[in-house]
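# Remarks on the overall topology
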Amino acid sequence: MPAMQLHWDIFCRVVDNYGDIGVCWRLARQLAAEHGKRVRLWVDELTALAPLCPDCDPARDEQFLAGIELRRWPAADAAVNWAAAAKTADVVIEAFACELPGAYLQGLARRERRPVWLNLEYLSAEAWVDGCHGMASPHPTLPLTKHFVFPGFTPSTAGLLREADACPALPALSPQTLEISLFCYDNAPVGGLFAALADLAQPVRCLVPPGKPLAATQAALGAGSAWQLGRLQVEAIPFLSQTAYDALLRRCALNFVRGEDSFVRAQWAGRPFVWQIYRQDDDAHLVKLDAFLARYLNGLPPATAATLRALFFAWNGVGDPAPAIAAMLRRLPEFAIHAVDWRNSLKKQRDLASSLIQFCADKV
Ligand code: TRH
């Protein structure tokens, strides 16, 4: 392997929710823990990290956590000596086009040996991603080139975030109770879900994290934090650390996930999942959903594929959720086998952190 590329700066602006910081925090941890990198993570809103990482103190400008130097990225550029900060990094990751401070970029441009500068894009299963991964974009005025890195589901992309221990042996499921986790946006059709679950012959326990999932649940079932509908028990749970959340996904027989990072984790959990995609203007998210399903359902018996397709679309506002959920629940054992097969096929891909390291090494 050529250059060591030891020092990595990752920049993260929290747009909304937990996905931006969720991805950056996971990537930072893996680069430090598995690849021995010295990572400095700049985050504008540390309050978004605190729920995922209970050791984080959002009041502090600087702290060391999980082997990472965590720094506040203040709104005012003058609050940081960016010229000094630009002197160390061998690799700079601008997450999700968050735009680096001008003085930091100027500092990078003055370096004798320029760092590798990457823009980490959002995940998409669309085919065009294959052609765009690795594309270069020279800075209009400075002698710097940014490369676009696309996570994805094919070997032509940078792959998915996957730590060495992302796919341990699956724990046994609860024999009597069907356990379900529900991480969704507040417009998810949870009423239809609860109706379908309450109709099952088996006892069901549905675990609801705080924020939008709980708001949706309360809108459907009324105020409170625990509800009983026949054999269905719906229960509010605390927001878990990222590691504990990953473990919860493995423990549940079915997971409802959303956005980007929990969506990927559900796939590593090897359990059936339903995805609520992050909504975009002009229904661009439905094109992305379709692109994912084309890969995910490929090769399944037509009736199974049709059931899952109807369910994923209904959960995203296209179709009637209650019958789609009921139909999926009848096929849950088939869906469970597919979840493991899918995980095993995805695991053959190179993971995102390793791809980034290789990409940077190739640039030197
Ligand atoms: O929070 P999200 O909706 O994030 C979204 C998406 O990433 C979207 O693409 C992006 O544009 C938008 O943010 C700005 O969903 P996501 O991506 O699943 O992120 C949630 C994170 O929270 C993930 O890292 C898992 C973590 N998490 C925990 O650590 N503990 C918990 O208890 C739960 C429920 C989640």
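Predicted model only: the values in this text are computed from it and were never measured.

### What to know about the site of the ligand
Every one of the 22 residues lining the ligand counts as a neighbour, but D16, Y185, L240, D261 and S262 are closest to it. A distance of 2.9 Å separates an oxygen atom of the ligand from a polar atom in the side chain of Q242. S262 is positioned such that a nitrogen or oxygen atom in its side chain is 2.6 Å from an oxygen atom of the ligand. Listed by contribution, the elements that provide at least two residues to the shell around the ligand are α1 (19-35), α8 (242-251) and α9 (261-269). Of the residues assigned to the shell around the ligand, the class counts are 10 nonpolar, seven polar and five charged. Two domains each provide a minimum of three residues to the shell around the ligand, namely domain 1 (7-161 + 350-363) and domain 2 (178-346).

### Structural notes on helix α7 (residues 212-221)
One turn of an α-helix holds 3.6 residues; hence residues three or four places apart share an orientation. Of the positions making up α7, those classed as buried are P213, L214, A216 and T217. In a view along the axis of α7, the buried residues occupy a sector of 160°, so they form one face of it. Contacts made by the buried residues of α7 are with β9 (178-182), α6 (190-198), β10 (204-208), β11 (226-229), β12 (232-236) and β13 (254-258). G222, located one to two residues past α7, shows a positive phi value of around 100°.

### Concerning the sheet that holds strand β7 (residues 136-138)
The strand order β3-β4-β2-β1-β5-β6-β8-β7 describes an open sheet built from eight strands, whose pairing is mixed. Two strands in the sheet have a free side with no partner beyond their single neighbour: β3 (62-65) and β7. Taken pair by pair, the neighbouring strands of this sheet meet at an average axis angle of 25°, ignoring direction. Sheet analysis places strand β1 (residues 7-12) next to strand β2 (residues 38-43), joined by six bridges and oriented parallel. Directly across from W8, in β2, lies its bridge partner V39. Here α1 sits on the sheet and contacts β1, β2, β3, β4 (68-72), β5 (91-95) and β6 (116-120); the angle it forms with β1, its principal contact strand, is near 170°. Packed on one face of the sheet, helix α14 (residues 352-363) meets β1, β5, β6 and β8 (145-149) and runs near 145° to β6.

### Some words on the environment of R350
Inspection of the secondary structure puts R350 in the loop between α13 (332-346) and α14. In this structure, the C-alpha to C-alpha distance between R350 and E45, residues 305 residues apart in sequence, is 31 Å. What R350 contacts, discounting residues up to four positions off in sequence, is A158, G159, L160, R162, S355 and Q358.

### What about the domain arrangement of the protein chain?
For the protein chain, the assigned domains read domain 1 (7-161 + 350-363) and domain 2 (178-346). For domain 1 versus domain 2, the distance between C-alpha centres works out to 30 Å. In this complex, domain 1 contributes 22 residues to the contact, which on the side of domain 2 involves 24 residues. With both chains or domains summed, domain 1 and domain 2 bury close to 2,000 Å², and 54% of this area falls on carbon and sulfur atoms. Here D246 and R26 are joined by a salt bridge, their closest N and O atoms 2.9 Å apart. Connecting domain 1 to domain 2 are 10 residue pairs in polar contact (both at pLDDT 80 or more). Grouping the constituent residues of the side of domain 1 that touches domain 2 by class yields 14 nonpolar, four polar and four charged.

### Overview of the packing of α6 against α7
Where α6 meets α7, the axes come as close as 9 Å, and the angle between the chain directions of the two elements is 70°. The angle between α6 and α7 falls in the class roughly perpendicular. Note on packing geometry: the crossing formed by α6 with α7 is right-handed. For the pair α6 and α7, contact is made by V190, G191 and F194 and by A216, T217, A220 and L221, respectively. Among the residues forming the contact of α6 with α7, the class breakdown is five nonpolar, two polar and no charged.

### Points about the pattern of salt bridges
Under the defined criterion, the tally for this structure stands at 13 salt bridges. D246 serves as the salt-bridge partner of R265, at 3.4 Å between the closest nitrogen and oxygen. In this pair, R265 is assigned in helix α9 and D246 in helix α8, connecting sequence segments 19 residues apart. Residue class for D246 comes out buried when judged on its relative accessible area of 10%. Through salt bridges with shared partners, one network takes in R26, E163, D246, D261 and R265.

Each value, and the rule that gives it
Residues numbered from 1 in each chain as written. Predicted model: local features only at pLDDT ≥ 70, side-chain atom pairs only at ≥ 80, totals over all residues. Heavy atoms only, no water. Near = heavy atom within 4 Å. Polar contact = N/O pair within 3.5 Å; in protein donor to acceptor, adjacent residues only side chain to side chain. Helix = DSSP H or I, 4+ residues; strand = E, 2+ residues; numbered from the N terminus. Nonpolar A, V, L, I, M, F, W, Y, C, P; charged D, E, K, R; others polar. Domains from an automatic or database assignment. Buried < 20%, exposed > 50% of the residue type's maximum accessible area, 1.4 Å probe, protein only. Arc of directions from axis to C-beta. Contact = heavy atoms within 4.5 Å. Pairing = 2+ DSSP bridges. Axes fitted to C-alpha atoms, helices over the stretch in contact; angles between N-to-C directions. Buried area = accessible area lost by both parts, 1.4 Å probe. Salt bridge = Lys/Arg side-chain N within 4 Å of Asp/Glu carboxyl O. Parallel < 35°, antiparallel > 145°, perpendicular 65-115°, else oblique. Left-handed = near helix turned anticlockwise from the far one by under 90°.

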